[in-house]
Amino acid sequence: MSLAQNPRQYVIRFLLIGVAAVILLRLFFLQIFEDKYKIMANDIAIYRKVVYPPRGVIYDRKDKVMLYNQVVYDLMVTTSNVPKSFDTLKFCEVLGMDKPTFDKLLHKVHIKSGPRRQGAFLEQLSQEQTARYQENMYLFPCFELLERSIRTYPNASAGLILGYVGEVSPAMLKTERYASYNQGDYTGMNGLERSYEEVLRGQRGVHYLERDNFNRPRDPYKGGSLDTAEIAGRSLQLHLDAELQEYAEKLMANKIGSVVAIDPSTGGIISMVSSPSYDPNLLRGRDRSKNFSKLYKDATHPLFNRATQAAYQPGSTIKPMTALVALDVGVIGPRYGFPCGGGYGYCGRHIACTHSGGGHAANLRLALANSCNAYFCHIFRMAADAKKFGNVKIGLQKWYDYFYSFGYGHPTGVDIPFEGKGLLPDSAYYNNRYNDVWNSCTVVFVGMGQGELALTPLQLANSMCIVANKGFYYTPHFVKSIGGNEKDPVLKPYQEKHQVTHIADSTFEIVQLGMQDVVDKGTGKVAQLPGIEICAKTGTVENYAIVHGNRMKMQNHSVFVAFAPRKNPKIAIAVIVENAGFGATWAGPVASLMIEKYLTDSVSSKRKHLEDKLYNAHLISKYTYIIDSAQRLKDRLRWEARQAEKKYSDSVQAIIYNQKAEAWLRKNYLKNGGNR
Amino acid sequence: MENMRKTIFGRLDTLTVLLYCALVFVGLTAIFSVEHRTADTVLWNMSKSYTRQFIWLGVSLFVGLLIIMTESRFFSSIAYLSYTIGIFLLIITIFAGVNVKGSHSWLGTGSFRFQPGEVCKIFTSLAIARFLSSPETNFKTRKHRIIGIALALAPAVLILAQQETGLALVYFCFFLVMYREGLPNAFLVVGGCVVGLTMATLLLDKWVLFGLVTVIVLVAAFLMRNTLRRNVVAIIGLASIWIGCVLFSIVLVPFAFKNVLQKHQIDRIYSTIGQDVPAEYMKDLKPGEKVVRKVNASEYNVNQSKIAIGSGGFWGKGFLNGTSTKNQFVPEQNTDFIFCSIGEQFGFFGSFVLVGLYLSLMLRIIFLAERQRSHFSRVYGYCVAAILFFHFAVNISMTIGLAPVIGITLPLLSYGGSSLLSFSILIFIMIRLDSDRQVLIR
C-alpha cells in the first residue's frame, strides 16, 4: 500500500454508487411509477386474431347436402422472400400464366401487403392448378398454399331460400344486431343463412398472438392461456325436399310465378320456388358483387322472392274460404243453390261467370266444382250483410277476422327474412277509401278473390293447410332440426299449433268434398291421379298493367291450390304462373305433377306430355321488360324527388335550429348582462 | 507468505471470477431470450447469435486461461509495445476500415471483423499504468500530466477520425484514473462546467444564457470584491472567464453543431434533452423548406426501449415473455440495447440485481486495486474499473433516456465477439495481477 488511504478512492467509490443510484431511481419511475409503458407495450405487441369456425351445413329432409363449406386454396406470398434466382419460368408453366401476369400479380401483392407481410398472390386456385402446384410445391418455398372454405351449393337450386353470405357493411355494423361483428366479417345476407345466422356461424375464437415490428404475427401470447376456442356452427336439417325443389324449379323455368308446397301435418315447407330462379353459386366468392348487380338489374327480378314477398289477387282459389265463412256464419247450408244464368247482376253491374245455366251452382259442391262467380259473390254478400251482425261494416269486419285467422293480411312468420304481408282490407280501410259510404255491393269482388284482396303464395298454401287439417296450422317453416335436435328452443315457435276460429269439422268436410269435386268432375280435372283423392281449386286472375301510359289488360294469372290426399293430407300446394292463362292450363299441371312426384316418388309415363309441355313453355310476357324499365324510371324519379325534398327540409330545419340557438344565446346573454 | 504458496488458481480472487461468470451468464440468457422462438426445436443453431456468443465465451475463457498462465511482469513489459501497435492499427483503420453502419472503425475481411478501438482500450490501460508507475514519472509536474493525458486521448482522436464517437468518448474515462493518481480537482471542475455550459446552451435562449453568465460573473465579482480591488490578475482572470463562457456558448457550440457534429449526433443529443432540433442545425434542410416535426431514428429507439423497460413492472413479464424485445421492436436489442430485455423480462427486480452486480464488480476491482503492492497494478485496476463504469453508466442511461444514444456496449452482456473478448481480457489481466499483488511489478 504505497499511498495509504488516499481520500480520492472514496470520492470515486461514491461517484460509482451515486450514478448507480440515479439509474435505479430512474428505473423505479419507469418500471413501477408509470403505467403508460405497459399499455403502450400491449398496444404495439399484441395481435388479436379472430378465428372463424366452419359454418353449419344445411341438409334437406333426406339428408342430402344443400349447402356446405368447400375448401379452396389461395396462393400466398411474402414478396421480400422471393429470391432473385426464383424460377419464374417453371412457376408460370405450373400455374398456366405468362411472365407479365406474374409480374403484375407480384407487384399487386407488394403494394397491398408491403414487402414483409404475406398477401394473396392468386385466390381460389382451380382444381387443376392446385394439383399441379402441389406436385411442384418443393420448388417454390417462398409461396404458400392457404386453405380457406367458401359456401357452396351442390344443387344450384333453392337460392332464395338458402340465401348467401356477404361482408357486413358499415351501415349494418352500427345496428344492434351486428354489435358483435367486426368490419370484414361475413354474415348471412338473405334466406336461411340470415335468419339462422346465430346457429350457423358458431362461436368465433379469439387467439392472442404477439406481433413483431413489421406487424407479423408470431408466438401465442402468454402461451395461449388467454385464448378462447372457436365452436363450429351447427347444421340445419330442412323439411325441404331437394329433389322436388329442383323438379319444381325445372317446371317453372321460363315462367314468372311461384310454387309453395307445405306438409300440413307439420307446417314444414317441402318446396318453395320463386321463378325465375338463379344459381346460388353465382353469389359466392370473388364474383358475388358483379353477379349480384347483374341479377339485381334483371327485368324478371330473380332476387325477389315472389313466394313470400309478392302479393297476388287469389282469384277463384279464395272461394273455398268464402264458403267456409258463409257456412260458419250460418247464412247458407251445403245445399244452398243460386240460379246463376251466366253472371251476377244484383249490384247494378254484370259480373260474368264462365258457366251459364244447367244448375251449375245448384249446391255448394257444384258451385265450387264449377267455380261459379255469381254464387260466391252472392254468399259473400249474404255473410257480410248477415242480420246477426247488424250492418255491413260489422259484417265485413267479421269477415276480416275470419280471414285474418286464416293467416291473411299479416306475415305468416316463416323462417326466412323479408316476408310480405299481402293485403286484407277491413271496414276502416273501406271507410277511408269510400268516405264511409259503401255497402256489400261496393266490395263484392273480394268474395271471388279480386278487388282489394291480395295474398302471398305462402299465405295461399298455408290456408290450404288449414282446410286440409280442418282448422289448424303450424307456422310454415323450413328447418326441421338444428344439429340433430328437433326440440331446439329456436324452433319452438314453429311447433306451436295455431287453431283458427272454431269452425266445425263438418263445415271443413263440405268444403273438402267440394274441392275434391273440382278435380273429379270440375275445372281441375288435369290434376287427377289414380287412387289418390285430391282436393283442389283453380283460379284465373284478371290483371292490368300500365304499358306506355295506358292501362292495359294483361293475360290472366294462372293460379292453382290443392292438397292431397284428402284424408290424412301430406301435401298442400299453391302455384301461381303470371300472365299465363287459365288456372287449370298452367298452374294446375305444375301442382299436380309435384303432388304426384312427392306422393309416389315418380311421375307416371302417361303424364310425360304434361312435363314436356311445361318444359317447353315460355310464358314470360313481352311486356315485362317495358313495365320493368318504366317502373325503375319511376322509382328513380321518386327517389330523386325524395332526396331533393329531404335536402330542402334539412336546410329549413338547420335554419330553424340556428335561429333558435341564436335566440337562446341572445336571451341568456342579455339576462346575464342585465344581472351584472 | 502463505498466499504465495498456493497454486496460481488458488490465488485468484473468487468474488471477481464469480461476478464475471454471473454477468456473462445474464448476457447469454438475455441474448437467448431475444432470439429464441417457441417454434425453434434445435437450440444449437449457428444462425442464432446466442450460439455464436457462446462460442465467443469459449474463446474468451481460453484467452483468460492463457492470461492466468502468463507471468505478471509480461503485461507491464509489453505495455508500450502493445500501445504502439494499437495506435498503428487505429491509423490503418482510418484508411482501410470497413464501412459498418456508417462508421469506419472495423478492420478485417469477409465475416471476420474486429474493432481496433475496442482492443486498444486494453493497450491504453496498460500504457497508462506503465507510465504512471514508472519511477521516472512525477505526476505532479505539468509535463508528465500532459503526457498522461496525451496517452489517453491519442486513441480517442484517431477513433473520432473513424466516425465512432461513442467509442472515442470512452477514452475520457481515463481522467478518473488520473484523478485518483493526483490530477488536480480543477480538471474535474472545469470539465463539469464545460458540460453544464453546453447543456445550458442547448436548452436556453442565447441571450438568456448571456444574461445568466453575466449575472453569475457579477455576483462572483461582488463576493470577491476585496480580492479584485487588490489583484489585477484576478480581474483579468474573471473577465476572461466571462468572455470565454460567452464565446463558448454563442460562437463555439453553434460552430460545432453546424460544422463538426453529424446529423445523427445532433438528433441524439436533442432527443436526450427532449427538444426538437432547431431549424438552424438541420443539415438536410433546403432553403425555404418548412420544418416538419418527425420522430427521428434515435428517438424511436429510445421510445421503444423505454416502452420495453417500463412495461416490465416490478417482477417483469417473465423469461421468454418479453413481447417488445422478442419481437424486435427495439432496434439493436442484441447489442447496445440488451438491457431492455432484462428490464422487460425481469422487471425492476432484475434490473436492480443487474445494477447491483455491476456495482459490486466495479467496487471489487477498486478494492483489489487499492490492495496492490505495485503501483502498476493499482493504476491498471482503476483503468479497468473506469472503463467498466463508463460503459455501464452510459449504456444503461441511454436505454432509459438519460444519455444520448452513442453506440457503446454493455460490458459482458451485449452480443459481440470484440466486446466480450476485450472486456474478458481486461478483467482477467486484473485478476492475474491481483494474484501477484505482493510482488512488485515494474
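Residues numbered from 1 in each chain as written. Chains lettered and ligands numbered in written order. Predicted model: local features only at pLDDT ≥ 70, side-chain atom pairs only at ≥ 80, totals over all residues. Heavy atoms only, no water.

What to know about the overall build of chain A
In terms of regular secondary structure, chain A is built from 22 helices and 20 strands. Across the 676 residues that make up chain A, the buried fraction comes to 50%. Contacts spanning at least 24 positions in sequence make up 71% of the contacts within chain A whose residues lie at least 6 apart. As displayed, chain A has an accessible area near 32,800 Å², and 54% of this comes from carbon and sulfur atoms. (Helix = DSSP H or I, 4+ residues; strand = E, 2+ residues; numbered from the N terminus. Buried < 20%, exposed > 50% of the residue type's maximum accessible area, 1.4 Å probe, protein only. Contact = heavy atoms within 4.5 Å. Areas by Shrake-Rupley, 256 points an atom, 1.4 Å probe, with all protein chains shown as cover.)

Topic: the sheet that holds strand β18 (residues 535–547) of chain A
Residue and element names in this part refer to chain A. Ordered in space as β12-β11-β20-β19-β18, the five strands form an open sheet in which the pairing is antiparallel. Only two strands of the sheet have a single neighbouring strand rather than two, namely β12 (268–275) and β18. Adjacent strand axes in the sheet meet at a mean angle of 10 degrees when their direction is disregarded. Across seven bridges, the pairing between strand β19 (residues 550–564) and strand β20 (residues 571–577) is antiparallel. Directly across from Ala 564, in β20, lies its bridge partner Ile 571. The strands that helix α19 (residues 505–521) touches are β18 and β19; relative to β18, the one it contacts most, it runs at about 75 degrees. (Pairing = 2+ DSSP bridges. Axes fitted to C-alpha atoms, helices over the stretch in contact; angles between N-to-C directions.)

A few points about the environment of His502(A)
Relative to the helices and strands, His502(A) resides in the loop between β17 (497–499) and α19. Each C-alpha atom of the pair His502(A) and Lys470(A) lies 10.0 Å from the other, and the pair is 32 residues apart in sequence.

A word on the confidence of the model for chain A
When pLDDT is averaged along chain A, the result is 88, and 98% of the positions lie at 70 or above. When pLDDT is averaged over each element of chain A, β20(A) comes out on top at 96 and strand β9 (residues 217–220) of chain A at the bottom at 74. (pLDDT = per-residue confidence, 0-100.)

A short note on the state of the cysteines
Residue and element names in this part refer to chain A. Within the structure shown, the criterion is met by one disulfide over all chains. A sulfur-sulfur distance of 1.9 Å marks the disulfide that ties Cys 347 to Cys 441. Around the S-S axis, the bridge from Cys 347 to Cys 441 shows a dihedral of about -80 degrees and counts as left-handed. Here Cys 347 is found in the loop between β13 (343–344) and β14 (351–352), whereas its partner Cys 441 is found in the loop between α17 (427–433) and α18 (457–469), with 94 residues between them in sequence. The thiol of Cys 372 is not disulfide-bonded; the next cysteine sulfur, from Cys 340, is found 3.6 Å away. We classify Cys 372 as buried; its relative accessible area is 0%. (Disulfide = S-S within 2.5 Å.)

Description of the pattern of salt bridges
The full count for this structure, using the stated rule, is 32 salt bridges over all chains. Between Asp628(A) and Arg632(A) there is a salt bridge whose closest N-O contact spans 3.0 Å. In this pair, Asp628(A) and Arg632(A) both sit in helix α22 (residues 624–675), four residues apart, roughly one turn of the helix. The partner of Arg180(B) in a salt bridge is Glu370(B), and the shortest N-O contact between them spans 2.8 Å. Of the two residues, Arg180(B) is situated in helix α9 (residues 174–180) and Glu370(B) in helix α17 (residues 338–370); the sequence distance between them amounts to 190 residues. Of the two residues examined, Arg180(B) and Glu370(B), each falls in the buried class. (Salt bridge = Lys/Arg side-chain N within 4 Å of Asp/Glu carboxyl O.)

Things to note about the interface of chain A and chain B
Accessible area lost when the parts come together is the quantity often used to give the size of an interface. The partner chain B presents 50 residues to the 36 residues of chain A that form the contact. When chain A packs against chain B, close to 4,100 Å² is buried across both sides, 67% of that on carbon and sulfur atoms. The largest contributions to the chain A side of the interface with chain B come from Arg8(A), Leu16(A) and Gln31(A), which together make up 17% of the buried area. For the interface between chain A and chain B, the tally reads zero salt bridges. Seen at the junction of chain A and chain B, the total is eight residue pairs in polar contact (both at pLDDT 80 or more). Among the elements of the structure, α1 (7–33), α2 (36–45), β8 (205–211) and β9 of chain A are those that each provide at least two residues to the side of chain A that touches chain B. Per element, the largest residue contribution to the side of chain A that touches chain B is 19 residues, and it comes from α1(A). Among the residues forming the side of chain A that touches chain B, the class breakdown is 22 nonpolar, five polar and nine charged. (Buried area = accessible area lost by both parts, 1.4 Å probe. Polar contact = N/O pair within 3.5 Å; in protein donor to acceptor, adjacent residues only side chain to side chain. Nonpolar A, V, L, I, M, F, W, Y, C, P; charged D, E, K, R; others polar.)

Observations concerning the nonpolar core
Residue and element names in this part refer to chain B. In terms of nonpolar packing, the biggest core is built from 118 residues, with Phe 174, Tyr 380 and Leu 413 touching the most fellow members. If one sorts the elements of this core by residue count, helix α18 (residues 375–399) sits on top with 17 residues. What Tyr 380 contacts, discounting residues up to four positions off in sequence, is Ser 125, Leu 126, Ala 129, Ile 425, Leu 426, Ile 429, Met 430 and Leu 433. (Core = buried A, V, L, I, M, F, W, Y, C linked by side-chain atoms within 4.5 Å.)

Points about the packing of helix α13 (residues 319–329) of chain A against α19(A)
Residue and element names in this part refer to chain A. Axis separation between α13 and α19 bottoms out at 10 Å; the angle between their running directions is 150 degrees. Considering the angle they form, α13 stands roughly antiparallel to α19. Between α13 and α19 the crossing geometry is right-handed. Residues Pro 320, Ala 323, Leu 324, Leu 327 and Asp 328 of α13 form the contact with α19, whose own contacting residues are Thr 507, Phe 508, Ile 510, Val 511 and Met 515. When grouped by side-chain class, the residues that make up the contact of α13 with α19 number eight nonpolar, one polar and one charged. (Parallel < 35°, antiparallel > 145°, perpendicular 65-115°, else oblique. Left-handed = near helix turned anticlockwise from the far one by under 90°.)

Here's the deal with α18(A)
Residue and element names in this part refer to chain A. When the terminal C-alpha atoms of α18 are compared, their 18 Å separation across 13 residues agrees well with the 18 Å that a helix rising 1.5 Å per residue should span. The buried fraction of α18 amounts to 13 of the 13 residues, a majority that puts the element mostly inside the structure. Remark: Lys 470 follows α18 within two positions and exhibits a positive phi of approximately 55 degrees. (Expected span 1.5 Å × (residues − 1).)

Focus on the packing of helix α20 (residues 587–600) of chain A against helix α21 (residues 608–616) of chain A
All names here are of chain A. Interaxial distance between α20 and α21 falls to 10 Å at its minimum, and their mutual angle equals 125 degrees. The orientation of α20 relative to α21 falls into the category oblique. In this structure, α20 crosses over α21, and the sense of that crossing is left-handed. Facing α20, whose interface residues are Pro 589, Val 590 and Leu 593, α21 presents Leu 610, Glu 611 and Leu 614. In the contact of α20 with α21, the residues fall into five nonpolar, no polar and one charged.

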